[in-house]
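Chain and residue survey
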Amino acid sequence: MLFALFFFLIGGTFLATAIASILLPFLSTALNIAATGLLVWNAVVLLFLMVLRFLWKRAGRLERRYIQSFSGWKRWALQGMKVLLAAGVIWEILVVAVCIALLVTHPLDRLLPYWAVS
């Protein structure tokens, strides 16, 4: 019984390693493609948000006096836009940084067994 358990563990480990060595190169390629696509898309969104924030700031729409000159829903909407523009820029910078880190470090390549790397 102990031999069967040992054989099962060794066989399962070998099978898992074999499957991982077959799948991980494809997953690594898929991760690189997805990270590149996300990097491009989020860089475009970041550029859009930064241009929008710059234009609103230059027009004075993000100043406190301008926002407080309104009342009701428009005041709340302008305050929300002010916060969301700042938070959106910060979020997009973080997402772009993570995508760049994924493309630079290739984390899935480190999971491959040494004999599976070609």
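Quick caveat: nothing in here was measured; it's all calculated off a predicted structure. (Residues numbered from 1 in each chain as written. Predicted model: local features only at pLDDT ≥ 70, side-chain atom pairs only at ≥ 80, totals over all residues. Heavy atoms only, no water.)

Structural notes on the overall build of the protein
In terms of helices and strands, the protein carries three helices and zero strands. Ordering the α and β elements of the protein from the N terminus gives α-α-α. Taken over 118 residues, the protein has a buried fraction of 20%. By sequence separation, contacts in the protein at least 24 residues apart represent 79% of the contacts at least 6 residues apart. With the model as given, the accessible surface of the protein reaches about 9,100 Å², and the carbon-plus-sulfur share is 77%. (Helix = DSSP H or I, 4+ residues; strand = E, 2+ residues; numbered from the N terminus. Buried < 20%, exposed > 50% of the residue type's maximum accessible area, 1.4 Å probe, protein only. Contact = heavy atoms within 4.5 Å. Areas by Shrake-Rupley, 256 points an atom, 1.4 Å probe, with all protein chains shown as cover.)

Topic: a nonpolar patch on the surface
Nonpolar side chains collect at one region of the surface, where Leu47, Val51, Phe54 and Leu55 lie side by side and expose about 380 Å² of accessible area between them. Its place among the elements puts Leu47 in helix H1 (residues 2-59). (Patch = residues over 30% accessible without salt bridge, like charges linked within 9 Å, V, L, I, M, F, W, Y side chains within 5 Å. Salt bridge = Lys/Arg side-chain N within 4 Å of Asp/Glu carboxyl O.)

Brief notes about helix H3 (residues 73-105)
With 33 residues, H3 ought to run about 48 Å at 1.5 Å a step, and its terminal C-alpha atoms sit 47 Å apart, in line with that. By the burial criterion, the buried members of H3 are Leu78, Leu85, Gly88, Val89, Glu92, Val95, Val96 and Cys99. Backbone geometry just downstream of H3 places His106 in the positive-phi region, at approximately 50°. (Expected span 1.5 Å × (residues − 1).)

Re the environment of Leu78
In this fold, Leu78 is placed in helix H3. Spatially, the C-alpha atoms of Leu78 and Leu62 are 7.7 Å apart, while their sequence positions differ by 16 residues. If we ignore the near neighbours within four places in the chain, the residues touching Leu78 are Trp56, Tyr66, Ile67 and Phe70.

A look at the confidence of the model for the protein
Residues of the protein with pLDDT of at least 70 account for 68%, and the chain-wide mean is 79. Within the protein, the element-level pLDDT minimum falls on H1, averaging 76, and the maximum on H3, averaging 90. (pLDDT = per-residue confidence, 0-100.)

Brief notes about the side chain of Glu92
When you line up the elements, Glu92 lands in helix H3. Buried within the structure, Glu92 lacks any salt-bridge partner; its nearest side chain of opposite charge belongs to Arg53, at an N-O separation of 14 Å. Excluding residues within four positions of it along the chain, Glu92 makes contact with Asn42, Val45, Leu46 and Leu49. (Lys, Arg positive; Asp, Glu negative; His and termini not counted.)

Some points on the nonpolar core
Here is a general trend for soluble globular proteins: nonpolar side chains tend to be buried in one another's company. Counting eight residues, the largest nonpolar core is built from Leu46, Leu49, Trp56, Leu62, Ile67, Leu78, Leu85 and Val89. At the level of elements, H1 and H3 are the ones that each hand at least two residues to this core. Each residue touching Leu62, except ones within four places of it in the same chain, is listed here: Arg53, Trp56, Lys57, Ile67 and Lys82. (Core = buried A, V, L, I, M, F, W, Y, C linked by side-chain atoms within 4.5 Å.)

Quick word on the packing of aromatic side chains
All told, the structure shown has one aromatic pair when counted by the stated rule. Between Tyr66 and Phe70, the ring centres sit 5.2 Å apart and the planes meet at 80°, which makes this aromatic pair edge-to-face. When its relative accessible area of 22% is taken as the criterion, Phe70 is described as partly exposed. Sitting above the plane of the Trp56 ring, Arg61 keeps its charged end 6.0 Å from the centroid. (Phe/Tyr/Trp six-rings, centres within 6.5 Å; stacked < 30°, edge-to-face > 60°. Lys NZ or Arg CZ within 6 Å of the ring centre and 35° of its normal.)

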